[in-house]
Amino acid sequence: MDGAAVGEFWLFVKHECTGVAGMQRSALITGISGQDGSYLAEFLLSKGYRVHGVYRRTSMPTLSRVEHLLDDIELHQSDLTDQASLFKLIRQVRPTEVYNLGAQSFVGTSWDQVLTTGDTTGLGVARILEAIRCVDTNIRFYQASSSEMFGKVEETPQRETTLLHPRSPYGVAKVYGHYLTINYRESFGMFACSGILFNHESPRRGLEFVTRKITHAVARIKLGLQQELRLGNLEAKRDWGFAGDYVEAMWRMLQQDKPDDFVIGTGKTYRVQDFVDLAFAEVGLSPADYVVVDPNFYRPAEVDLLLADPSKAERQLGWKPRTDLAQLGFRALI
Ligand code: NAP
Ligand code: GDD
């Protein structure tokens, strides 16, 4: 056998052994059809995990973001509002790690669907934690918490110890999930971590979020398919990063010796107006000719300024964002 063949052989043996001995790490991802779920699935596959994903039954397919992974992942139908199905799923799959990314994640909708948001984004965390507690408290758990919990910010930049002051039903639901994660750690000794992630974007971001709404519209305007872009509050400031970088931080949290909570962000903040300016500049157009401020897109209560202090993550997890907004590149977002 030549060197390459020997390498292949040993890889095969290792794969077989870990499979037989049940040592191959496996992860269950709720929200695998979402932006972060798709990047996390790719990342965990690259680390040799067996990846299981939870998806909901819908009348139209929602799996386009993981279409390229369908041969490599195992999908299971369930729902964060259905306790029995979550319990059965955890018992059947017995993952070593659970990443709870599923949520009603659009802040604007949370005022129109307060109860759905509370049920999925808040109580969904309780249901999955209960399922894990009943099946095996050694399963490691990641909760997708949010900088939206800081809301009307009590200090800047925001860190793990900053007081929470949510400004939307979504933010309130996330605060419940965050504290419940900490509570299960303290009550039952579970390895449960809460990642407080600031806004992160990508070409896979939903079109209703402001970054994709802007870049999508800019592309359509450039192509003559759209005449104007209607937006709400242009003065809101966000700490925007790249989703592909952030999923690595989720995984790193679950590889620590002790469970803990971490702020994940870039440490830079921009106004929505800055993002608009950069996106239009990318295609050589002037925003003043196309952007219309429309109060219909204002929120009942706004989060004016988000700016992360990610230094704890850098110190303890060895994690740093690799991509800032300029590097992410507006062309990639379009
Ligand atoms: P996303 O693209 O909106 O994905 C949300 C996922 O949740 C989708 O897969 C969705 O499934 C699933 N889901 C919704 N309701 C569900 C239910 N009842 N049962 C099971 N699954 C359900 O969100 P994302 O940007 O990837 O964010 C991932 C998580 O991080 C979310 O919890 C979000 O709140 C949180 N977060 C995001 C950011 C950010 O900037 N992206 C920042 C902080 C925290 P369908 O495809 O069927 O709708
Ligand atoms: N969506 C949207 N549409 N937002 C607008 C618009 C508009 O037309 N015009 C101005 N904005 C402002 C919003 O008022 C908000 O201040 C900012 O743009 C960002 O809005 P989104 O992109 O919808 O994101 P978000 O910050 O509300 O929430 C996202 O980040 C959170 C983390 O801080 C979501 O991903 C949440 O799930 C996440 O937890």
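Keep in mind that what you see is a predicted model, and the values were worked out from it rather than measured.

Enquirer: Please explain the pattern of salt bridges as it appears in this structure.
Expert: Where charged atoms from two side chains of opposite charge come close, those side chains can pair. Considering all chains together, one arrives at 19 salt bridges under this definition. A salt bridge links E74 to R50, with the shortest nitrogen-to-oxygen separation between them at 2.9 Å. Here E74 is found in strand 3 (residues 73-77), whereas its partner R50 is found in strand 2 (residues 50-55), with 24 residues between them in sequence. Take R50: its relative accessible area is 41%, and that puts it in the partly exposed class. Ionic pairing is found between K312 and D260, a salt bridge with its closest N-O pair at 3.0 Å. Of this pair, K312 sits in helix 10 (residues 311-317) while D260 sits in the loop between helix 8 (243-254) and strand 11 (261-264), and the two are 52 residues apart along the sequence. Accessibility expressed as a relative area gives 13% for K312, which makes it buried. One continuous salt-bridge network, built from bridges that share partners, spans D245, E248, R252 and R322.

Enquirer: Would you mind showing me how to read the site of ligand 1 here?
Expert: Taken together, 24 residues surround ligand 1, and among them S33, D36, R56, S105 and Y170 come closest. Between A103 and ligand 1, the recorded distance is 3.1 Å, taken from a backbone N or O atom to an oxygen atom. Measuring from an oxygen atom of ligand 1, one finds a side-chain N or O atom of K174 at 2.9 Å. Look at ligand 1: alone it shows 890 Å² of surface, and the protein chains cover 89% of it. Elements represented by at least two residues in the shell around ligand 1 include exactly helix 2 (35-46), strand 5 (140-146) and helix 6 (169-188). Across the shell around ligand 1, the residue classes tally to seven nonpolar, twelve polar and five charged.

Enquirer: How do you make sense of the sheet that holds strand 5 when you look at a structure like this?
Expert: Picture the strands of a sheet paired through backbone hydrogen bonds; they go either parallel or antiparallel. Taken together, seven strands build an open sheet; the order of strands is 3-2-1-4-5-6-11 and the sheet is parallel. Both outer strands of the open sheet, strand 3 and strand 11, are each paired with one neighbouring strand and no more. The sheet shows a mean angle of 20 degrees between the axes of neighbouring strands, direction not considered. Note: strand 1 (residues 26-30) against strand 2, five bridges, orientation parallel. Residue S26 lies in a different strand from strand 2, and its bridge partner there is R50. Each of strand 1, strand 2, strand 3 and strand 4 (97-100) is contacted by helix 2, which is oriented at about 175 degrees to strand 1, the strand it contacts most. Its contacts with the sheet put helix 8 on strand 4, strand 5, strand 6 (192-197) and strand 11, and the angle it makes with strand 6 is roughly 155 degrees.

What counts as what
- Residues numbered from 1 in each chain as written.
- Chains lettered and ligands numbered in written order.
- Predicted model: local features only at pLDDT ≥ 70, side-chain atom pairs only at ≥ 80, totals over all residues.
- Heavy atoms only, no water.
- Salt bridge = Lys/Arg side-chain N within 4 Å of Asp/Glu carboxyl O.
- Helix = DSSP H or I, 4+ residues; strand = E, 2+ residues; numbered from the N terminus.
- Buried < 20%, exposed > 50% of the residue type's maximum accessible area, 1.4 Å probe, protein only.
- Near = heavy atom within 4 Å.
- Polar contact = N/O pair within 3.5 Å; in protein donor to acceptor, adjacent residues only side chain to side chain.
- Areas by Shrake-Rupley, 256 points an atom, 1.4 Å probe, with all protein chains shown as cover.
- Nonpolar A, V, L, I, M, F, W, Y, C, P; charged D, E, K, R; others polar.
- Pairing = 2+ DSSP bridges.
- Axes fitted to C-alpha atoms, helices over the stretch in contact; angles between N-to-C directions.
- Contact = heavy atoms within 4.5 Å.

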